[in-house]
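What follows is the residue order along each chain.
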Amino acid sequence: MQVPLIDLKSQYSQIKPEINQAVQEVLSGGNFIGGSVVKEFESGFAKQSNVKHCVSVGNGTDALYIALETLGIKEGDEVITTATSWISTAFTISQTGATPVFVDIEPNTYTIDPSLIEAKITNRTKAIIPVHLYGQMADMKDIKSICDRHNLYCIEDAAQAHFSVKDDVTPGQLGDVAAFSFYPTKNLGAYGDAGCIVTNDEVLAEKCRSFSTYGDKGNSFGINSRLDTIQAAILQVKLKHVDEWIEKRIGHARLYDKLLKEVVQLVSPSVIENSRHTYYTYSIRCEDRDDLQAYLKAKGVTTAVHYATILPLLSTYESLNYASVDFPVAYKHQQETLSLPMYAELTVVQIEYVVNCIRDFYN
Ligand SMILES: *Cc1c(COP(=O)(O)O)cnc(C)c1O
């Protein structure tokens, strides 16, 4: 049996008539940048995400960069973020000229540990970027109160957390802004690059829009980072289905949890009270990770390691002089983490097969 990590073809085959029609309408309309389709997607995504404003941009990395620039982050500033994330979280801080300052993660949720943040705040600190890793939200209430106490901006990296919830809070409600990616494999994915920024602050939304469309008529700098009309039309179709897909992912996670319970060599993702983990990935921590991954590959099961090197240990950040002992939890996680196949169309038979292969490996 073959079990891929994710299967975008089977998702497309379910929604093919709707997608084809939406794309066809854009092609016939002759409007390929902006227009009503983009506006409708922006307001639809904002509404479904319980935030007031959505500014669509070219990709999730640009969303972070535009947010940082719009908030005035610059050379000489420091921005605090988590040790465990995709490189974009740190690279966009560096792109502004500011310095990323990394904080270790919580052992249960793998998100930034709020209790370790204040020790890293200096008079240069301007902002915090929590990452809602794997679909699990960081502790926004604690992070927001730290930001308020120290007068810092909060930029949520929500690239993996469309429609995640924790303590009734969703991305973009407590932070100044939240940045989303619609990269094809994300829980809401385009058929190409796409992203957006959401915020409840109208002035900030307008500033982000201005920066993402060449700046303000030559009066201020900007870049060109827009959502294509075709991608907006595709996302608009998928927006109608995304909640059902997420519920299926949650169902698959519960089945994995149940079937993996007796396997003492691994730990399933924590289920946190009052939170909706949307399972962008189903990432376990396990013994003999690399051997297990190779074994599963030989059995036709594709897995992934998110992420093989924590951000402070990337060679690009060698000059910051971080060591693995500075991030004991994130470093252990780096060695043990493994993401199992996860997508809405996954079947019970496939999940049982994956779990049986894991059991066979440890036996
Ligand atoms: C995917 C991702 C990004 C970047 O999104 P792109 O659309 O690929 O630029 C940023 N941060 C995190 C945590 C991500 O997972």
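For the structure itself, consult the block above.
Residues numbered from 1 in each chain as written. Predicted model: local features only at pLDDT ≥ 70, side-chain atom pairs only at ≥ 80, totals over all residues. Heavy atoms only, no water.

Comments concerning the nonpolar core
In terms of nonpolar packing, the biggest core is built from 59 residues, with Phe41, Phe45, Phe182, Tyr256, Leu260, Tyr282 and Ile358 touching the most fellow members. If one sorts the elements of this core by residue count, helix H8 (residues 242-260) sits on top with 9 residues. Formed jointly, this core draws a minimum of three residues from each of two domains, domain 1 (8-239) and domain 2 (242-362). Listed in part, the 23 residues of the second largest apolar core include Tyr65, Ala98, Ala127 and Ala179. (Core = buried A, V, L, I, M, F, W, Y, C linked by side-chain atoms within 4.5 Å. Buried < 20%, exposed > 50% of the residue type's maximum accessible area, 1.4 Å probe, protein only. Helix = DSSP H or I, 4+ residues; strand = E, 2+ residues; numbered from the N terminus. Domains from an automatic or database assignment.)

Considering the site of the ligand
Around the ligand lies a shell of 14 residues, among which Gly60, Thr61, Gln160, Ser181 and Lys186 are the nearest. One of the side-chain nitrogen or oxygen atoms of Asp157 is found 2.8 Å away from a nitrogen atom of the ligand. In the complex, 91% of the free accessible area of the ligand, which totals 380 Å², lies under the protein chains. At a threshold of 2 Å from the grid points, most atoms of the ligand map onto the largest pocket. (Near = heavy atom within 4 Å. Polar contact = N/O pair within 3.5 Å; in protein donor to acceptor, adjacent residues only side chain to side chain. Areas by Shrake-Rupley, 256 points an atom, 1.4 Å probe, with all protein chains shown as cover. 1 Å grid on protein atoms, 1.4 Å probe; cavity = no way out; pocket = protein on both sides within 12 Å on 5 of 7 lines; lining within 4 Å. Sits in = over half its atoms within 2 Å of the grid points.)

Description of the layout of surface pockets
The computed volume of the largest pocket comes to approximately 540 Å³. Surrounding the largest pocket, 30 residues form its lining, Tyr183, Thr185, Lys186, Tyr280 and Tyr307 being those nearest its centre. Every element with two or more residues in the lining of the largest pocket is listed here: helix H3 (60-70), helix H4 (88-95), strand S7 (177-181) and strand S12 (337-340). Considering only residue class, the lining of the largest pocket consists of 14 nonpolar, 12 polar and 4 charged. If you count residues domain by domain, the lining of the largest pocket takes at least three from each of domain 1 (8-239) and domain 2 (242-362). (Points joined across faces, edges and corners; volume = space filled by probe spheres on them. Nonpolar A, V, L, I, M, F, W, Y, C, P; charged D, E, K, R; others polar.)

Section: the sheet that holds strand S11 (residues 282-286)
Taking strand neighbours across the sheet as the criterion, the 3 strands line up as S9-S11-S12 in an open arrangement whose pairing is antiparallel. Edge positions in the open sheet fall to strand S9 (266-267) and S12, since each of these has one partner strand only. As judged from the 4 bridges shared by S11 and S12, these two strands associate in the antiparallel manner. Following the sheet pairing, Arg285 is matched in S12 by Thr337. With respect to the sheet, helix H9 (residues 289-298) is in contact with S11 and S12, its orientation differing from that of S12 by roughly 20 degrees. (Pairing = 2+ DSSP bridges. Contact = heavy atoms within 4.5 Å. Axes fitted to C-alpha atoms, helices over the stretch in contact; angles between N-to-C directions.)

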